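Breakdown of the fold
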Amino acid sequence: MNKAILHDHLDGGLRPSTALELAKQINYTPLLETDDISSFFDRSDSSSLDHYLEAFTHTIALMQTEPNLERIAYEAAEDMHNNGITMYESRYAPFYSVNATLSPTKVIDSINSGFKKAQNDFGIKSGLILCGMRHDFDNVGQVAELAIETKDKIIGFDIAGPELNYMPSLFETSFRKIKEAGINLTIHAGEGDGVHSIKDALSNGAQRIGHGVRIIEDINLETKELGDTSKELIDNQIPLEVCITSNIHTNMYKSVGDHPINELIEFGFNISLNTDNRLMSNTSVNKEIQIAESLGIVNAEQLLINSTSYSFLN
């Protein structure tokens, strides 16, 4: 039975042992001075989103060569395979790895090389979604152009980074070009910003919503009445890429018990279960399954099976 992960950041999923090994190779001091590499990256007790995101500075520092990118991609796919996943979508902001010796195309090719080796070894099918960083308008435009130039090497486009004050409509020109090129589009919305950000993402052609859990705020839980945006999501069967543990660690909800995934399923939303940032959130596919089932979802693995029909790899 095929199972898919749709929302997982490549720079948020390094193995701690690999991070330490690569840090030693380049004498990367911040990681060499820590006593426990896993604890260093674990942001489960983050005091703020900024504290959570700071950890990515250190993984990106290790993603500056072709061999490193290939290895990290290979291991990410292998780890997914070991958790029963057969279709793995990974996303990354490619210009974070561009340097004097790495062109944007080389970044993509290196990641895809790792995915191809993992497919040959384990049978898992993987694909890359390119992320523009929404706090950098020029970056989003550059990544969109790169996506169009390399459309045969990728499976989709996204914008990531802080949602508040960076509505999807700021990048409507890039989204229009992406759609005209026939490239799949998912947009982070409804996590760091509210329902209006989800509405805006839909208005700009999002085929899926990254996170999107704040759509629960568009529903009257007493009368069960749906708002316009929640109706649109359900009527058009737009999937939500839900990441429970990550939502807790970025302080969206105080505890797992406060997370609305169960209610969203009951209201009929298309829900996929995802990992987001396995290293920073100290999580895995299997852990997310256990958490979902602890919330009363009888067969959380079915969410992974359902996700195959939402996948851009399909």
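Reading guide: rules and limits
Residues numbered from 1 in each chain as written. Predicted model: local features only at pLDDT ≥ 70, side-chain atom pairs only at ≥ 80, totals over all residues. Heavy atoms only, no water. Helix = DSSP H or I, 4+ residues; strand = E, 2+ residues; numbered from the N terminus. Buried < 20%, exposed > 50% of the residue type's maximum accessible area, 1.4 Å probe, protein only. Expected span 1.5 Å × (residues − 1). Arc of directions from axis to C-beta. Contact = heavy atoms within 4.5 Å.

**Some points on unusual backbone geometry**
Most peptide bonds are trans, and most residues other than glycine sit at a negative phi. In this structure, Asn27 is a non-glycine residue whose phi angle is positive, near 55 degrees. Topologically, Asn27 is positioned in the loop between α1 (16–26) and α2 (29–32). In this structure Asn27 comes out as exposed when scored by relative accessible area, which is 54%. Backbone geometry places Asn165, a non-glycine residue, at a positive phi of 75 degrees. Residue placement: Asn165 occurs in the loop between β4 (156–160) and α9 (172–180).

**Thoughts on helix α8 (residues 137–149)**
The terminal C-alpha atoms of α8 lie 19 Å apart, and with 13 residues this matches the ideal 18 Å at 1.5 Å per residue to within 8%. Among the residues of α8, Asn139, Val140, Val143, Ala144, Leu146 and Ala147 are the ones counted as buried. Across the axial projection of α8, the buried residues extend over an arc of 160 degrees, all falling on one side. Turned more than 90 degrees away from the buried face of α8 sit Phe137, Asp138 and Glu149, all of them exposed. Looking at the packing, one finds that the buried side of α8 touches α7 (104–122), β3 (125–133), β4 and α9.

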